[in-house]
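Reading the structure
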Amino acid sequence: MALTPETIARHELNGLCVRVVAADSPDSVGIAGRVVQESEKTLVIRDARDKRVPKSGTTFEFRLDATDEAAGPRKGAGTAGKHDCDPAAYVTVDGDRLLSRPARRTETTGDSPWR
């Protein structure tokens, strides 16, 4: 299954580039880096150091690499657009859509490689 704006909530998030674009906690806004750990209710994002960010009440912007289907010429639903300096598409996801154990969230359709 390709990583697209429509399927991102069913994918493993570890390793993806992410930025916090809105949050209940103003201190979380602007945190950016790679997801290094995911739990049911939080993401750990590594930039200069690891920062744990709650999923609930937070809006994340995930980068889809240029090799991913969503980064092509067509924009999928939920794609925020292309940033001028990066050959990638970005998708914004409400953290409440990600609230569940990662293994359960990625296996709900039966087409995930994560077991």
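Naming follows an unreviewed UniProt entry, where the protein chain appears as Ribonuclease P protein component 1 of Halalkalicoccus tibetensis. The record held by UniProt for the protein chain lists under Catalytic activity (unreviewed entry) the comment "Endonucleolytic cleavage of RNA, removing 5'-extranucleotides from tRNA precursor." Quoted verbatim from the Subcellular location (unreviewed entry) heading of the UniProt record, the comment on the protein chain is "Cytoplasm".

Another aspect to go through is the pattern of salt bridges. One pass over the full model with this rule turns up 4 salt bridges. When the shortest N-O distance is used, the salt bridge between Asp47 and Lys51 registers 3.2 Å. Residue class for Asp47 comes out partly exposed when judged on its relative accessible area of 33%. Residue classification places Lys51 among the partly exposed positions, given a relative accessible area of 23%.

Turning our eyes to something else, we now look at the pairing of strand E3 (residues 42-46). Burial analysis of E3 places 4 of its 5 residues in the buried class, the great majority of the element. Note that strand E2 (residues 32-38) and E3 share 4 bridges and pair antiparallel. Paired with Glu38 across the bridge in E3 is Leu43. Taking the residues between adjacent antiparallel strands as the criterion, E3 and strand E4 (residues 50-54) are bridged by 3 residues.

The next thing to look at is the nonpolar core. In terms of nonpolar packing, the biggest core is built from 18 residues, with Ile8, Leu13, Leu43, Ile45, Phe60, Phe62 and Leu98 touching the most fellow members. The set of elements that each furnish at least two residues to this core consists of strand E1 (17-23), E3, strand E5 (58-64) and strand E7 (89-94). The element contributing the most residues to this core is E5, with 3 residues. Ile8 has contacts with Leu3, Leu13, Leu16, Phe62, Leu64, Val91 and Val93, leaving out every residue within four places of it along the chain.

With respect to the helices and strands, the residue Phe60 is situated in strand E5. Counting along the chain gives 28 residues from Phe60 to Ala32, while the straight-line C-alpha distance between them is 9.5 Å.

Next up on the list: the pairing of E1. Both E1 and E2 contribute to a ladder of 3 bridges, which runs antiparallel. The residue bridging Arg19 from the neighbouring strand is Ala32, located in E2. When E1 meets E5, the two strands line up antiparallel, connected through 5 bridges. The residue bridging Val18 from the neighbouring strand is Phe62, located in E5.

Take Glu40: it is sitting in the loop between E2 and E3. Between the C-alpha atoms of Glu40 and Leu98, which are 58 residues apart in sequence, the distance is 7.9 Å. Contact partners of Glu40, with chain neighbours within four places excluded, come to Lys55, Leu98, Leu99, Ser100, Arg101 and Pro102.

Rules used throughout
Residues numbered from 1 in each chain as written. Predicted model: local features only at pLDDT ≥ 70, side-chain atom pairs only at ≥ 80, totals over all residues. Heavy atoms only, no water. UniProt positions renumbered as here; feature names shortened; annotations may be inferred. Salt bridge = Lys/Arg side-chain N within 4 Å of Asp/Glu carboxyl O. Buried < 20%, exposed > 50% of the residue type's maximum accessible area, 1.4 Å probe, protein only. Helix = DSSP H or I, 4+ residues; strand = E, 2+ residues; numbered from the N terminus. Pairing = 2+ DSSP bridges. Core = buried A, V, L, I, M, F, W, Y, C linked by side-chain atoms within 4.5 Å. Contact = heavy atoms within 4.5 Å.

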